[in-house]
Amino acid sequence: MWVGLLGTVAACTAGAIVNSGDDSDKVPPPTVQERDDTVAILARSSASQGVCYGWELKDYFGYGDPVSVGSNLGAGVAVEDNPACPRWVQVSVRIYYPSESSESDDNAYVDVNGSSDFSAAELLRIANGLGRLGVTEKVFIDDPGWAVTRAAVMLPLLAVEAGAVEPAATPAPAATEPSPLPDSGSDLWRDRWGYLLAAGGLLLVTALLVTVGVVQRRRQRRGGGPAQRAGAETAAPRIPEQA
């Protein structure tokens, strides 16, 4: 009897150990790429708005460290109770994955909290905005790691929309001397350059023809003068009339 009882207890214990090692009900954290991209985006938003933004992902039954935490200060760095973050906003998500033998459904509990200078109404508007932008409870259940980092990068925009944070100032362009515009030229020449070139060509041809005509005329006059004088000298002498 004692041997059988001990064997039963050992089998139950081994089964419990095997079940506890099953990762099917574990909350998957965000990937390294998702964390790094989120930190970079939050760092730019924090620098322009003066507010720290972060995320926290927990297992519903987890009593130890969060599954994932991060902020604009880096992956693994929380904003809550951080001396470097006097003003902060954080999305906190708890995922509930029941065992396969349970009849309960999977659930995600999403909350947005912040420092004391943010009102409860402002934080509630930010939290409601996540679902409006597509990060719903189903998304958190299906892919909690991606969803929590996606929600984190939406916090700066939703904070501005809720009126809790001033929008980032648009950098003014550097003052430079405007470059002078090129000479536009004459509209008459630009629009009718073909006609003007043709007219100029005709004028040149006309001038050439006139010049040639004048030269030939002068030559003809020079050649006709001496001939006429020679003819006059060879003419018969005139006989004087008799009285």
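Being a predicted model, the structure only gives us computed values, none of them experimental.

A. View of the packing of aromatic side chains. Tallied over the entire structure, the rule returns two aromatic pairs. Put simply, the rings of Tyr60, Tyr96 and Tyr109 pair up and form one aromatic cluster. When the ring centre of Tyr109 is taken as reference, the NZ or CZ atom of Arg94 above it lies at 5.4 Å.

B. Region of interest: the nonpolar core. Residues Tyr53, Val91, Ile95, Val112 and Phe140 are the most contacted members of the largest nonpolar core, which totals 32 residues. By residue number, the principal contributor to this core is helix α5 (residues 144-161), which donates eight residues. Excluding residues within four positions of it along the chain, Phe140 makes contact with Val93, Ile95, Tyr97, Ala108, Val110, Val135, Ala147, Val148 and Ala151.

C. The pattern of salt bridges, seen in detail. Following the criterion strictly, the structure yields four salt bridges and no others. A salt bridge links Glu56 to Lys58; its shortest N-O distance comes to 3.9 Å. Note that Lys138 and Asp142 form a salt bridge whose closest N and O atoms lie 2.7 Å from each other. In this pair, Lys138 and Asp142 are both assigned in helix α4 (residues 137-142), four residues apart and thus about one turn of the helix distant. Grouping residues by exposure puts Lys138 and Asp142 together as exposed.

D. Summary view of the side chain of Thr149. Tracing the backbone through its elements, the reader meets Thr149 in helix α5. Thr149 gets classed as buried once you look at its relative accessible area, which sits at 3%. Within the structure, Thr149 has its side chain in polar contact with the backbone oxygen of Trp146 (distance 2.8 Å). When residues no more than four places from it in sequence are discounted, the contact partners of Thr149 are Pro30, Glu34, Thr38 and Trp55.

E. Up close: helix α3 (residues 120-132). The terminal C-alpha atoms of α3, which comprises 13 residues, lie 19 Å apart, in line with the 18 Å expected from a rise of 1.5 Å per residue. Buried within α3 are the following residues: Glu122, Leu123, Ile126, Gly129 and Leu130. Projection of α3 onto a plane perpendicular to its axis shows the buried side chains occupying an angular sector of 115°, all on one side. Seen from the open side of α3, the exposed residues pointing more than 90 degrees away from its buried face are Ala120, Leu124, Asn128 and Arg132. Tucked into the core, α3 has its buried residues touching β4 (88-96), β5 (107-114) and α5.

What counts, and where the lines are drawn
- Residues numbered from 1 in each chain as written.
- Predicted model: local features only at pLDDT ≥ 70, side-chain atom pairs only at ≥ 80, totals over all residues.
- Heavy atoms only, no water.
- Phe/Tyr/Trp six-rings, centres within 6.5 Å; stacked < 30°, edge-to-face > 60°.
- Lys NZ or Arg CZ within 6 Å of the ring centre and 35° of its normal.
- Core = buried A, V, L, I, M, F, W, Y, C linked by side-chain atoms within 4.5 Å.
- Buried < 20%, exposed > 50% of the residue type's maximum accessible area, 1.4 Å probe, protein only.
- Helix = DSSP H or I, 4+ residues; strand = E, 2+ residues; numbered from the N terminus.
- Contact = heavy atoms within 4.5 Å.
- Salt bridge = Lys/Arg side-chain N within 4 Å of Asp/Glu carboxyl O.
- Polar contact = N/O pair within 3.5 Å; in protein donor to acceptor, adjacent residues only side chain to side chain.
- Expected span 1.5 Å × (residues − 1).
- Arc of directions from axis to C-beta.

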